[in-house]
Amino acid sequence: MTTHTLKGKTALVTGSTSGIGLGIAKSLAQQGANIVLNGFGDHAGPQAEVAALGVQTAYHGADMSKASEIEAMMKFAAEKFGGVDILVNNAGIQHVANVEDFPIERWDAIIAINLSSAFHTSRLALPYMKQQNWGRIINVASVHGLVGSAQKSAYVAAKHGIVGLTKVTALETASTGVTCNAICPGWVLTPLVQKQVDAKALTLKISNEEATKMLLGEKEPSMQFTTPEELGELAVFFCSKAAQNVRGVAWNMDGGWTAK
Ligand code: NAD
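About the thresholds
Residues numbered from 1 in each chain as written. Predicted model: local features only at pLDDT ≥ 70, side-chain atom pairs only at ≥ 80, totals over all residues. Heavy atoms only, no water. Near = heavy atom within 4 Å. Polar contact = N/O pair within 3.5 Å; in protein donor to acceptor, adjacent residues only side chain to side chain. Areas by Shrake-Rupley, 256 points an atom, 1.4 Å probe, with all protein chains shown as cover. Helix = DSSP H or I, 4+ residues; strand = E, 2+ residues; numbered from the N terminus. Nonpolar A, V, L, I, M, F, W, Y, C, P; charged D, E, K, R; others polar. Domains from an automatic or database assignment. Buried area = accessible area lost by both parts, 1.4 Å probe. Salt bridge = Lys/Arg side-chain N within 4 Å of Asp/Glu carboxyl O. Expected span 1.5 Å × (residues − 1). Contact = heavy atoms within 4.5 Å. Core = buried A, V, L, I, M, F, W, Y, C linked by side-chain atoms within 4.5 Å. Buried < 20%, exposed > 50% of the residue type's maximum accessible area, 1.4 Å probe, protein only. Pairing = 2+ DSSP bridges. Axes fitted to C-alpha atoms, helices over the stretch in contact; angles between N-to-C directions. Phe/Tyr/Trp six-rings, centres within 6.5 Å; stacked < 30°, edge-to-face > 60°.

A. View of the site of the ligand. Around the ligand, a shell composed of 30 residues is seen, among which Ser18, Asn90, Tyr155, Val188 and Thr190 lie nearest. Backbone polar atom of Met64 to a nitrogen atom of the ligand: 2.8 Å apart, as the coordinates give it. Asn90 is positioned with one of its backbone polar atoms (N or O) 2.7 Å from an oxygen atom of the ligand. Out of a free accessible area of 830 Å², the ligand has 93% covered by protein chains. Contributing elements (two or more residues each) for the shell around the ligand: helix H1 (19-30), helix H5 (153-172) and helix H6 (191-204). Looking at the shell around the ligand element by element, the count peaks at 3 residues for H6. Residues belonging to the shell around the ligand are distributed by class as follows: 16 nonpolar, 12 polar and 2 charged. Among the domains, domain 1 (10-187 + 226-255) and domain 2 (189-225) are the pair contributing at least three residues each to the shell around the ligand.

B. A look at the domain arrangement of the protein. Under the domain assignment used here, the protein contains domain 1 (10-187 + 226-255) and domain 2 (189-225). Taking both sides of the interface into account, the surface hidden between domain 1 and domain 2 amounts to around 1,100 Å²; carbon and sulfur atoms contribute 58%. Of all residues in domain 1, the largest losses of buried area upon contact with domain 2 belong to Trp187, Thr226 and Gly255, amounting jointly to 58% of the total for that side. Applying the counting rule to domain 1 against domain 2 returns 0 salt bridges. Applying the counting rule to domain 1 against domain 2 returns 5 residue pairs in polar contact (both at pLDDT 80 or more). Looking at the side of domain 1 that touches domain 2 residue by residue, the classes come out as 3 nonpolar, 9 polar and 3 charged.

C. Main features of helix H7 (residues 208-219). Helix length check: H7 (12 residues) gives 17 Å between terminal C-alpha atoms against 16 Å at 1.5 Å per residue, within 8%. Packing partners of the buried residues in H7 comprise H6.

D. Representation of the nonpolar core. Counting residues in hydrophobic clusters, the biggest one holds 29 residues, and the most contacted among them are Leu28, Ile35, Val50, Ile86 and Val88. For this core, the secondary structure elements donating two or more residues are strand E1 (10-13), H1, strand E2 (34-38), strand E4 (86-89), strand E5 (135-140) and helix H8 (228-239). Setting aside residues up to four positions removed in sequence, Ile35 forms contacts with Ala11, Ala25, Leu28, Ala29, Val50, Val55, Gln56, Thr57, Ala58 and Phe81. Ranked by size, the runner-up nonpolar core spans 21 residues in total, among them Ala58, Ala62, Ala125 and Ala170.

E. Geometry of the sheet that holds strand E3 (residues 57-60). With respect to topology, 7 strands assemble into an open sheet ordered E3-E2-E1-E4-E5-E6-E7, the strand pairing being parallel. Every other strand in the sheet has two partners, leaving E3 and strand E7 (250-253) as the edge strands with one partner each. Recorded for the sheet is a direction-independent mean angle of 20° between the axes of neighbouring strands. Across 4 bridges, the pairing between E1 and E2 is parallel. When the sheet's bridge partners are listed, Thr10 is paired in E2 with Asn34. Lying on the sheet, helix H2 (residues 44-51) is in contact with E2 and E3; it crosses E3 at an angle near 155°. Docked against the sheet, helix H3 (residues 67-81) engages E1, E2 and E3, running at close to 160° with respect to E3.

F. Representation of the packing of aromatic side chains. Per the stated rule, a full pass over the model turns up 5 aromatic pairs. Look at Phe237 and Trp251: their rings are 5.8 Å apart centre to centre, the planes differ by 70°, and that puts the pair in the edge-to-face class. With a gap of 14 residues between them, Phe237 in helix H8 and Trp251 in strand E7 connect regions that are remote in the sequence. In this structure Trp251 comes out as partly exposed when scored by relative accessible area, which is 34%. Members of the aromatic cluster, joined through ring pairs, are Phe237, Phe238 and Trp251.

So this is what it looks like as structure tokens:
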């Protein structure tokens, strides 16, 4: 639903050239927020999709594993739109291996992109938000911020870490108009998860459809994927006036994964 409740606000969504980030960017744009996109791969297509919703857009290709590039992106957003009112820390990667086999370089990359980047964007966004006495920080964590799964040590550590960062940021802003919350999706069928379906199909020599069913069946009682659009609507709720006292939550949308 388009009501333009966020007209005049600027949202920066990291990792918004694909999947969940693009879904959240579009939901915020449907409410009238200007959008700064970020992420790898083709950005012209996603930027055009968001601009078609009638808002101003900009793109910065900062690598979220590099603090200096994150600083440049935040400066770019401030120069372009005056400041970032809504920060969505979404960029993330995955790697699957047992702890003893986990490549050190993959561990470092996952911690940098999935966790440390949110510290850098938040520390750079907060002064403007506090000065405006309005701001929303939304950290895209995961069910893996609440529970573990074998072979995902770096991912689970980073996601538990970002849930912790969410709580501390929420406490430090608790008496202001700035809120910080986390979203914890279960399975969402994006390129990140499609790779895991493909790997399962290949290893077990089963069809893509069987691998998808198996993936869902292992974890989600609903047997359904959550969609980027549903997560976008949750982000819009966190930005609403009704959510002004929702602070420091880790809100799962996971088809019952963590209810078991
Ligand atoms: P995706 O692969 O579709 O999108 C990831 C985005 O991050 C892309 O835009 C990519 O270009 C960007 N990105 C990757 N590395 C980057 C870097 N170094 N610098 C800048 N951008 C970078 O994945 P997705 O499934 O949409 O995941 C988005 C977020 O949601 C991640 O944090 C992920 O952990 C989380 N999540 C996903 C699922 C799921 O089932 N897909 C579930 C829970 C949480």
